[in-house]
Amino acid sequence: MSQTAAKHQPIKKKAEVSLPMQIFGVIGEILITIGILIGLFIVWQLWWTGIEANQTRAVAVAEFGTAPETEKVATPQEGPPPEWTGPTETPEVMGLIKIPRFGADYVFPIRAGTQNIGVLNTGSYGWYQMSQKPGELGNFALAAHRMTYGDPLIDVEELQNGDQIVIETEEAFLVYKITDHKIVMPEDGWVILPDPFEAEKAHLQGKAYEQGEINTRYITLTTCHPKYGSSHRWIVHGEFEYWTKRSDGIPPALAGQQG
């Protein structure tokens, strides 16, 4: 083709994009951006919060200390455990919780209060301050995250009746035995009342709970259900078995023995 002919070739114009297509393109870019942000949020929730919480948790456990003579198995004591004289102000560390079912390395701080910031989000269990103190007659009730922030109760469904929960305070180890599980609605606050079983009966009968004489020391753990949601609450109840002096070593429950 000659240069003259080439000069007269029509210049093809770039195809114009219609307004609807431009709008769809912008919407697509926005959706992609939102998707990326959601993905980053999920990574933060499921991964990074765990790293931060586990670091805070490790510091709290180390500062609380471990019982001396951990190779020695203490003798269960008769009678009620020592009266609680420890801290009760948010977000002080009250003690440690250990659950042998989850392994020898399972240990989390217990802090006063149940709010997320400063308590649950630090990789800790939180104590419902309207419930009884550790070792008291009535219901010692705790809350913990199931997923995120250290995943304290991610495997709650693996707990079985008869499993033990050990609460370590400055003076003693308090050993409780799991007796019951249930799934309830978030508003079912009766599960942490002083006698959760009488409270449940009253709830099912549509009656108000009337507290009578309580002769049992309960423990209650609460967490979200299902694992990747929070529409319900998974509840674990237990009853006090025995206590040991912290200075005497570890209780039989932590030595692989049933109390």
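Summary of the structure given here. (Residues numbered from 1 in each chain as written. Predicted model: local features only at pLDDT ≥ 70, side-chain atom pairs only at ≥ 80, totals over all residues. Heavy atoms only, no water.)

1. Structural notes on the overall build of the chain
Each helix and strand counted, the chain has three helices and eight strands in total. Each helix (α) and strand (β) of the chain, taken in turn from the N terminus, gives the series α-α-β-β-β-β-β-β-α-β-β. Classification of the 259 residues of the chain by burial places 41% in the buried group. Considering only intrachain contacts with a sequence separation of at least 6, the fraction spanning at least 24 residues in the chain is 63%. Carbon together with sulfur atoms contributes 55% to the accessible area of the chain, which is approximately 14600 Å² in total. (Helix = DSSP H or I, 4+ residues; strand = E, 2+ residues; numbered from the N terminus. Buried < 20%, exposed > 50% of the residue type's maximum accessible area, 1.4 Å probe, protein only. Contact = heavy atoms within 4.5 Å. Areas by Shrake-Rupley, 256 points an atom, 1.4 Å probe, with all protein chains shown as cover.)

2. What about the sheet that holds strand E1 (residues 93-98)?
Read around the closed barrel, the eight strands follow the order E1-E2-E3-E4-E7-E8-E6-E5; overall the barrel is mixed. With direction set aside, neighbouring strand axes in the sheet form an average angle of 30°. Of the strands in this sheet, strand E4 (138-143), strand E6 (172-184), strand E7 (217-225) and strand E8 (232-245) touch helix H3 (residues 196-204), which is tilted by about 15° from E6. (Pairing = 2+ DSSP bridges. Axes fitted to C-alpha atoms, helices over the stretch in contact; angles between N-to-C directions.)

3. Describing the packing of aromatic side chains
Scanning the entire structure with this criterion turns up five aromatic pairs. Judged by centre distance (6.0 Å) and plane angle (70°), the ring pair of Phe-108 and Tyr-125 falls under edge-to-face. Residue Phe-108 is found in strand E2 (residues 108-112), and its partner Tyr-125 is found in strand E3 (residues 125-127); the two are separated by 17 residues along the sequence. Since its relative accessible area comes to 0%, Tyr-125 is described here as buried. (Phe/Tyr/Trp six-rings, centres within 6.5 Å; stacked < 30°, edge-to-face > 60°.)

4. Points about the side chain of Asn-139
Tracing the backbone through its elements, the reader meets Asn-139 in strand E4. Of the residues examined, Asn-139 reaches a relative accessible area of 0% and is grouped as buried. One polar contact links the side chain of Asn-139 to the main-chain carbonyl oxygen of Val-191, over a distance of 3.2 Å. Setting aside residues up to four positions removed in sequence, Asn-139 forms contacts with Ser-131, Gln-132, Val-191, Ile-192, Leu-193, Pro-194, Pro-196, Tyr-218, Ile-219 and Thr-220. (Polar contact = N/O pair within 3.5 Å; in protein donor to acceptor, adjacent residues only side chain to side chain.)

5. Quick notes on the pattern of salt bridges
Taken as a whole and assessed by the stated rule, the structure comprises nine salt bridges. Residue Lys-227 is joined to Glu-157 by a salt bridge in which the shortest nitrogen-to-oxygen separation is 3.9 Å. On the criterion of sequence distance, the pair formed by Lys-227 in the loop between E7 and E8 and Glu-157 in the loop between E4 and strand E5 (164-168) is long-range, its members being 70 residues apart. Take Glu-157: its relative accessible area is 35%, and that puts it in the partly exposed class. Across the salt bridge formed by Lys-182 and Glu-200, the nearest N and O atoms sit 3.5 Å from each other. Taken together, the residues span a long stretch of sequence, with Lys-182 in strand E6 and Glu-200 in helix H3 at a distance of 18 residues. Through salt bridges with shared partners, a single ionic network connects Lys-98, Glu-168 and Arg-246. (Salt bridge = Lys/Arg side-chain N within 4 Å of Asp/Glu carboxyl O.)

6. Description of the nonpolar core
Soluble globular proteins: nonpolar side chains tend toward being buried together. Formed by 29 residues in total, the largest nonpolar core has its most connected members in Ile-97, Ile-99, Ile-110, Tyr-125, Leu-142, Ile-167 and Leu-221. Of all elements in the fold, only E1, E2, E3, E4, E5, E6, E7 and E8 reach the threshold of two or more residues within this core. If we ignore the near neighbours within four places in the chain, the residues touching Ile-97 are Tyr-106, Val-107, Phe-108, Ile-110, Tyr-125, Leu-142, Ile-165, Val-166, Ile-167 and Leu-221. Counting nine residues, the second largest nonpolar core, distinct from the first, contains Ala-141, Val-184, Trp-190 and Ala-199. (Core = buried A, V, L, I, M, F, W, Y, C linked by side-chain atoms within 4.5 Å.)

7. Observations concerning the pairing of E7
Across the nine residues that make up E7, a large majority, eight, are buried. Of the strand pairs in this sheet, E7 and E8 are connected by eight bridges, and their pairing is antiparallel. Counted as the bridge partner of His-225 is His-232 from E8. Once E7 ends, the chain turns through six residues before running back antiparallel as E8.

8. Thoughts on the environment of Pro-186
For Pro-186, the position within the fold is in the loop between E6 and H3. A residue is classified by how much of its surface remains accessible, and Pro-186, at 40% relative accessible area, is partly exposed. Between the alpha carbons of Pro-186 and His-225 there is a distance of 9.6 Å; along the sequence they are 39 residues apart. Discounting residues that sit within four places of it in the chain, Pro-186 has contacts with Ser-230, Ser-231, His-232 and Arg-233.

9. Side note on H3
When H3 is considered as a whole, its buried residues turn out to be Pro-196, Ala-199 and Ala-202. All buried residues of H3 project into a common sector of 120° when viewed along the axis, lining one side. (Arc of directions from axis to C-beta.)

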